[in-house]
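Results of the structural survey
Spelled out from the first residue to the last, the chains are:
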Amino acid sequence: MTAERYNARESEPRWQRLWDEKAIFASRNDDPRPKYYVLEMFPYPSGRIHIGHVRNYTLGDVLARFMRARGYNVLHPMGWDAFGLPAENAAIERKVAPKAWTYDNIAAMKKQLRSIGLSLDWSREFATCDPSYYKHQQKMFLDMLRAGLAEREKRKLNWDPVDMTVLANEQVIDGRGWRSGAVVEQREMSQWVFKITKYSQELLEALDGLDRWPDKVRLMQRNWIGRSEGLLIRFALDAATTPAGESELKIFTTRPDTLFGAKFMAISADHPLAVDAAAKNPKLAEFIADIKKIGTAQSIIDTAEKQGFDTGIKAVHPFDPNWKLPVYVANFVLMEYGTGAIFGCPAHDQRDLDFVNKYDLGNTPVVCPEGQDPKTFVITDVAYDGDGRMINSRFLDGMTIEAAKEEVAKRLEAELRALPGEGRLAPVGERQVNFRLRDWGISRQRYWGCPIPVIHCPTCDVVPVPDDQLPVTLPEDVSFDKPGNALDHHPTWKHVTCPKCGGKAVRETDTMDTFVDSSWYFARFTDPWNETAPTTPAVANRMMPVDQYIGGVEHAILHLLYSRFFTRAMKATGHIDMTEPFAGMFTQGMVVHETYQKADGSWVTPAEVKIEVGGNGRRAVLMATGEDVAIGPIEKMSKSKKNTVDPDDIIASYGADVARWFMLSDSPPDRDVIWSDERVQGASRFVQRLWRLVNESAEIAKKAPAARPATFGPDGLALRKAAHGALDKVSSGIERLHFNVCLAHIREFANALSEVLAKGDKPAPDLAPDVSWAVKEAATILVQLFSPMMPHLAEECWAVLGQTGLVSEADWPQIERDLLVEDSVTLVVQVNGKKRGDVTVPRAAQNADIEAAVLALDAVKAALGGKPVRKVIVVPMRIVNVVG
Ligand code: ANZ
Ligand code: ZN
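Residues numbered from 1 in each chain as written. Chains lettered and ligands numbered in written order. Predicted model: local features only at pLDDT ≥ 70, side-chain atom pairs only at ≥ 80, totals over all residues. Heavy atoms only, no water.

The next thing to look at is the nonpolar core. Grouped together as the largest cluster of nonpolar side chains are 173 residues, with contacts concentrated most on Phe-141, Phe-194, Tyr-521, Trp-675, Ile-734, Phe-786 and Met-789. Broken down by element, the residue count for this core peaks at 11 residues, all from helix 23 (residues 769–786). Once you skip the residues sitting within four places of it in the chain, Ile-734 turns out to touch Val-62, Leu-63, Phe-66, Phe-739, Cys-742, Pro-788, Met-789 and Trp-812. (Core = buried A, V, L, I, M, F, W, Y, C linked by side-chain atoms within 4.5 Å. Buried < 20%, exposed > 50% of the residue type's maximum accessible area, 1.4 Å probe, protein only. Helix = DSSP H or I, 4+ residues; strand = E, 2+ residues; numbered from the N terminus. Contact = heavy atoms within 4.5 Å.)

Our focus in this paragraph is the site of ligand 1. Around ligand 1, the surrounding shell holds 18 residues, and the nearest of these are Ser-228, Thr-253, Leu-334, Tyr-337 and Arg-436. Here an oxygen atom of ligand 1 sits 3.1 Å away from a polar atom, N or O, in the main chain of Thr-254. At 2.7 Å, a backbone N or O of Leu-334 approaches a nitrogen atom of ligand 1. Contributions of two or more residues to the shell around ligand 1 are made by strand 9 (248–253) and strand 13 (341–344). Partitioned by chemical class, the residues of the shell around ligand 1 number eight nonpolar, six polar and four charged. (Near = heavy atom within 4 Å. Polar contact = N/O pair within 3.5 Å; in protein donor to acceptor, adjacent residues only side chain to side chain. Nonpolar A, V, L, I, M, F, W, Y, C, P; charged D, E, K, R; others polar.)

Coordination sphere of the zinc ion (ligand 2), protein contribution only: Cys-457 (SG), Cys-460 (SG), Cys-498 (SG) and Cys-501 (SG), at 2.2 to 2.4 Å. Taken together, the four donor atoms coordinating the zinc ion (ligand 2) span angles of 106 to 113° at the metal, a pattern that classifies the geometry as tetrahedral. Expressed as a motif, the donor residue spacing for the zinc ion (ligand 2) is C-x2-C-x37-C-x2-C. Assessed through its relative accessible area of 5%, Cys-457 is described here as buried. (Donors = N, O, S within 2.8 Å, 3.2 Å for Na, K, Ca; no water. Tetrahedral: all angles 85-135°; square planar, octahedral: opposite > 155°, others 65-115°.)

Turning to the pairing of strand 7 (residues 185–194), a few remarks are in order. Sheet topology places strand 3 (residues 150–160) next to strand 7; 10 bridges connect them, and they run antiparallel. Along strand 7, the bridge assignment pairs Trp-159 with Glu-185. Looking at chain direction, strand 7 and strand 19 (residues 440–441) are connected through two bridges and run antiparallel. Bridge pairing links Phe-194 to Trp-440 in strand 19. (Pairing = 2+ DSSP bridges.)

Moving on, we come to the pattern of salt bridges. Considering all chains together, one arrives at 51 salt bridges under this definition. Between Arg-14 and Glu-10 there is a salt bridge, with its nearest N and O atoms 2.8 Å apart. Taken as a pair, Arg-14 and Glu-10 lie in helix 1 (residues 8–22) at a separation of four residues, close to a single helical turn. For Glu-699, the salt bridge is made with Lys-702, and the minimal N-O distance between the two is 3.1 Å. Separated by three residues within a single helix, Glu-699 and Lys-702 lie in helix 20 (residues 677–703), roughly one turn from each other. When its relative accessible area of 62% is taken as the criterion, Lys-702 is described as exposed. Each of the salt bridges in this network shares a partner with another, and the network as a whole consists of Lys-139, Asp-143, Arg-146 and Asp-467. (Salt bridge = Lys/Arg side-chain N within 4 Å of Asp/Glu carboxyl O.)

In this section: the state of the cysteines. As enumerated under the stated definition, the model contains zero disulfides in all. Free cysteine Cys-129: the closest other cysteine sulfur is in Cys-450, separated by 11 Å. Free of any disulfide, Cys-742 has its nearest cysteine sulfur in Cys-797, 19 Å distant. With a relative accessible area of 1%, Cys-742 lands in the buried category. (Disulfide = S-S within 2.5 Å.)

Strand order in this open sheet of four strands is 4-3-7-19, and the pairing throughout is antiparallel. Because the sheet does not close on itself, it has two edges, and the strands there are strand 4 (165–167) and strand 19.

On to the packing of aromatic side chains. Evaluated as defined, the whole model comprises 42 aromatic pairs. Aromatic side chains Tyr-328 and Tyr-359 sit 5.8 Å apart centroid to centroid with 45° between the ring planes, which places their arrangement in the tilted category. Placement of the pair is Tyr-328 in strand 12 (residues 320–330) and Tyr-359 in helix 11 (residues 350–359), with a sequence separation of 31 residues. Residue Tyr-328 is classed as buried on the basis of its relative accessible area of 6%. The class for Tyr-359 is partly exposed, based on a relative accessible area of 26%. An aromatic cluster is built from Phe-42, Phe-126, Tyr-133, Trp-520, Tyr-521, Phe-522, Phe-525, Tyr-549 and Phe-582, whose rings are joined through pairwise contacts. A cation sits over an aromatic face here: Arg-411 above Phe-395, 3.6 Å from the ring centre. In this arrangement the basic side chain of Arg-507 is found over the ring face of Trp-493, its NZ or CZ atom lying 5.4 Å from the centre. (Phe/Tyr/Trp six-rings, centres within 6.5 Å; stacked < 30°, edge-to-face > 60°. Lys NZ or Arg CZ within 6 Å of the ring centre and 35° of its normal.)

Here it is, written out as structure tokens:
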């Protein structure tokens, strides 16, 4: 017999080395078999793998190993999303170069990843900060520039006046710079943008075809793209109240039906009319300066209290020259959407209602819900945005919302008025489709990113860096002593001669948003060896799309949308011939853990705590001092709350297989999983149980006949059914990523095998030859079933069973379908159409036998209450209805 206990610490590195030496997970581009591309979102090299990574990569690994066994040419690569701010922060705080910091982290994390036993193709590895990667990104930027997909645009940015630097939205805290504490200003600056809005409609429509994406992700993308159909309306301004030179206000509305419920107009603080009015009104100017301080982040604007300032200007209602509406500057109207101006209808828009309630402007409902009396229908604190009929709306009264929208649009389209300053007549209303989606601003005033390959020349303006001068590499001799962009401060790097006129010029010192780096890495993995082009289109077209992409839901919007856009841009510039990069998308849940807090409020890690379970429930004790600590809520693992577990510790104490098994077993992969030491120990015990079970089976297998017996008795047949049943369920479960269900089936099947073994004497019971053969088959199938989840243990067991080669390279077992047919069926039993129970009968049972079985049921007798049976109707395989 082999060792009593399975020793993961000894076994796991040994198998990892062997897999490596044989390079069995490297996929070749000339492999003729059908391809399957599994990809997990590549990590940021922060320095250490966290437990969420372990979950993410284990999910992908199970699928990759399974598909490989099923005969696919599996592409399962790994790389590093290596540009970004933390490297610069490390440089500032610890005086280490961003490059050295990043590559050291990569080396450390790679070692950790290897210890998890992932079946990755490391031959394709790259980091996005490798010049051999970003060189191609720069080439694609230039291609996109030529194709009109990249442009310069003026954008408002958060400007820190003390640090003299641009801040990301997350660096603005309560309106102040995160480092300087200075009040942040909004500044307009020229930025590079990618023209994602050219694809707004297409990106929206194509979501319908992504049927292997979670609905919630598609919905989030839909909302982000935010298509609305509405009407542009030119409101005339009342000349007596309006600054000279202004005569009308154009608004965008999706609810022109509610025009007769209008109570006010509101414009953005950046609207030209607001700027004009503020020039003559210092109080207004002050108000505008105030509301601009909250930064550009949408989330802040959405949650800030609604505020407005009455400009004194009046707008004229488009259907009534005598109806004047006050024009406010309001903090909830954005310049970037629609026209930067609205009319407010408080009865049917909550934001507008909050606003009028604050400024006492009143409301008039114009849509009356079904079943409400228009005479008594009033709105107080809750706006009504549902369906109904038009009221208080003159010629619209009685119409549906849709009909009223149409009527208003028709009338205003037909009405013509001179355009300001031109005299040319134009319609007062114009239908318009608007998208929330903005062009993608990619300029970042940072050092550690991909340099934008253009040169600014005083004579020639923007000049692209010639293709043959790529890459524009980052200088390494940089200093982070001053705030702001180290590239900009570098003494020589930016000073160049203009490629066009040969005069003095400067390089662009902005680098690209790191989302650009991750918008095409999946395509690069198909041929990372190509030195002359971003992709080899023939290869990329064959290996793409990614069949199954796996990652966190936090990337459900931006990363996925940018990748979808970038793939289209690559198509437009000839680098790939498809539009959708990810055929299947899966968003995994988080790993969460209890929190522990000392009496003084400080947090302690799970490793420092012992849990005691006693009469009054669970108690947590700090091991070092014996003091009680409070058990707090279960939360996402985070450094600040210290509720993390270190994958290295787990692997050192239990082995990677246990960590993998636990991650997969406890909840469906798309839900959060609560880390629990007790359950991890449970997984560890299960590993040992499997080990014993396979060893015992191996002893029996030695005595089993070599050839498959011609017939099987009931015991042998039952075991074979259990084996092939499990094989069937686990196979289809893995395909659907229902891993926790698969694991339950594996457990159940292991129990069935144990029971057979328990029937004989230990250690090697004498079983009938057909049963021994079935045991051998069952043990082999069992090992293969858990091999994607616990590959190291599986290799060890495979060897014990005397199998040649590696289980990682073995073909998935064939399902014998005739063993799956159930011998019996369960039918629903009804009496006079009402369900009274069910009955299980042999599949081959005759109707007469079924009738007899049904009529003998107590529930049926009770329901009939002694009445005679008139008829029994048997619907084969489904229902028996007794008519009394
Ligand atoms: C009048 C109205 C009445 C509106 C009503 C809504 C409800 P979506 O669907 O997202 O496109 N709006 C337009 N431009 C805006 C801006 N720049 N900043 C803030 N809000 C703006 O939203 C369109 C609606 O959002 C428009 O329709 C407008 O308010 C507002 F009962 O017009 B509505
Ligand atoms: Zn020039």
